[in-house]
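Geometric and topological summary
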Amino acid sequence: MPLLFLMRLQHTPLPVRVVQPEEIRNVSVLVATGLIEAEIAPLKPTDPYAASRMATVMRITEDGLAEIAKMGEMPKLVKTSMQFARGLRLM
């Protein structure tokens, strides 16, 4: 679920790159709803409708933080399930 993914992002140092296809879909939904700012890289840069294989989440927006506040405490199961690409954290 995109909102659970958003809650997990709250506990992750940003910016961060995401490579799992399901998580990239969550990033896409959260960007479309204005809850995060992220760059989503297409598989082929020349094709705007190509499937994405990586996204970089830059920040959670004010609307995203407000949504997190409305949702309350994050379930413990969700905290451990996020997978990011190794060695790709931006400084």
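Residues numbered from 1 in each chain as written. Predicted model: local features only at pLDDT ≥ 70, side-chain atom pairs only at ≥ 80, totals over all residues. Heavy atoms only, no water.

**Topic: the nonpolar core**
For the record, the criterion: Grouping buried Ala, Val, Leu, Ile, Met, Phe, Trp, Tyr and Cys residues that are joined through side-chain atoms within 4.5 Å yields what is termed a nonpolar core. Accessible area is worked out with a 1.4 Å probe on protein chains only. A residue is then buried under 20% of its type maximum, exposed over 50%, and partly exposed in between. Going along the chain from the N terminus, every DSSP run of H or I of four or more residues is numbered as a helix, and every run of E of two or more is numbered as a strand. Here a residue-residue contact requires only that any non-hydrogen atoms of the pair lie within 4.5 Å.
The biggest cluster of nonpolar side chains holds 15 residues, and the ones touching the most others in it are Leu6, Leu9, Val27, Ile36 and Val57. When residues of this core are traced back to their parent elements, those giving at least two are α1 (2–10), β1 (16–18), α2 (21–32) and β3 (52–60). The dominant element in this core, judged by the number of residues it contributes, is α1, at four residues. Excluding residues within four positions of it along the chain, Ile36 makes contact with Leu6, Leu9, Val27, Leu30, Val31, Val57, Arg59, Ile60 and Thr61.

**Description of the confidence of the model for the chain**
Where we set the bar: How sure the predictor is of each residue is captured by pLDDT, a score from 0 to 100.
Here the chain averages 81 in pLDDT, and 68% of its residues register 70 or above. Note that pLDDT drops below 50 for residues 77–81; the model gives that stretch six contacts with residues more than four away or on any other chain.

**What to know about the side chain of Arg8**
Heads up, the condition is: Between N or O atoms, a polar contact is any pair within 3.5 Å; within protein, one atom must be a potential hydrogen donor and the other a potential acceptor, and residues adjacent in sequence are included only when both atoms are from side chains.
Mapped onto the elements of the fold, Arg8 is located in helix α1. At 2.8 Å, the side chain of Arg8 and the side chain of Glu23 are in polar contact.

**Some thoughts on the pattern of salt bridges**
This is how the line gets drawn: When a carboxyl oxygen of Asp or Glu is within 4 Å of a side-chain nitrogen of Lys or Arg, the pair counts as a salt bridge.
Using the criterion set out here, one finds three salt bridges in the structure. A salt bridge links Arg59 to Glu37, with the shortest nitrogen-to-oxygen separation between them at 3.1 Å. Of the two residues, Arg59 is situated in strand β3 and Glu37 in strand β2 (residues 36–42); the sequence distance between them amounts to 22 residues. Using a relative accessible area of 35% as the deciding quantity, one classes Arg59 as partly exposed. A salt bridge links Lys70 to Glu67, with the shortest nitrogen-to-oxygen separation between them at 3.3 Å. Remark: Glu67 and Lys70 occur in helix α3 (residues 62–71); sequence separation between them is three residues, near one turn of the helix. Taking the relative accessible area as the measure of exposure, Lys70 reaches 64% and is therefore exposed.

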